[in-house]
Amino acid sequence: VQLQASGGGLVQAGGSLRLSCKASGRIFSTYTMAWFRQAPGKEREYVAGITWGTGVTTYADSVKGRFTISRDTADNTVYLQMNSLKPEDTALYYCAADQTAKRRPGTRRLEYNYWGQGTQVTVSS
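Below is a summary of the structure that appears in this document.

Quick notes on the rules
Residues numbered from 1 in each chain as written. Predicted model: local features only at pLDDT ≥ 70, side-chain atom pairs only at ≥ 80, totals over all residues. Heavy atoms only, no water. Helix = DSSP H or I, 4+ residues; strand = E, 2+ residues; numbered from the N terminus. Rg over C-alpha atoms; globule rule 2.2 N^0.38 Å. Buried < 20%, exposed > 50% of the residue type's maximum accessible area, 1.4 Å probe, protein only. Contact = heavy atoms within 4.5 Å. Areas by Shrake-Rupley, 256 points an atom, 1.4 Å probe, with all protein chains shown as cover. Lys, Arg positive; Asp, Glu negative; His and termini not counted. Charge placed at Lys NZ, Arg CZ, Asp CG, Glu CD.

## Brief notes about the overall build of the protein
- Helix and strand counts for the protein come out as zero helices and 11 strands.
- Reading the helices (α) and strands (β) of the protein from amino to carboxyl end gives β-β-β-β-β-β-β-β-β-β-β.
- Radius of gyration (C-alpha) of the protein: 13 Å, near the 14 Å computed for a compact globule of 125 residues.
- Counting only C-alpha atoms, the protein reaches 40 × 25 × 25 Å along its principal axes.
- In the protein, which comprises 125 residues, the share counted as buried stands at 43%.
- In the protein, once contacts between residues fewer than 6 apart in sequence are set aside, the share between residues at least 24 apart is 58%.
- Within the structure as shown, the protein displays about 6400 Å² of accessible surface, and the carbon and sulfur contribution to it stands at 46%.
- Computed over 15 positive and 9 negative side-chain charges, the separation of the two mean positions in the protein equals 3 Å.

Set out below in structure tokens:
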């Protein structure tokens, strides 16, 4: 599975962006897709995840109510709609895939075995 992330950019605080992650190769219903982010000098952290088959979602507390993860199973694409962006959301955003069947998305980086390249999100104050 190869993952291609896109949609990052520069936006003012309070603005919105939508990230996309296109997967090439077969995505099975047991997969989980997720977004992580990494700010300079910080650890990569979980943002949101979605189970491919059932659509169960989880979010980091820091983005709940502002970000929405979704997927298009026909197009093998997962999205991250980001609203009410804050300067602290500035980071390199990565999409990832976990091929292990789970009822809920895992939040640990080590659970994900496929990673896309990052897409930069910069939020100005």
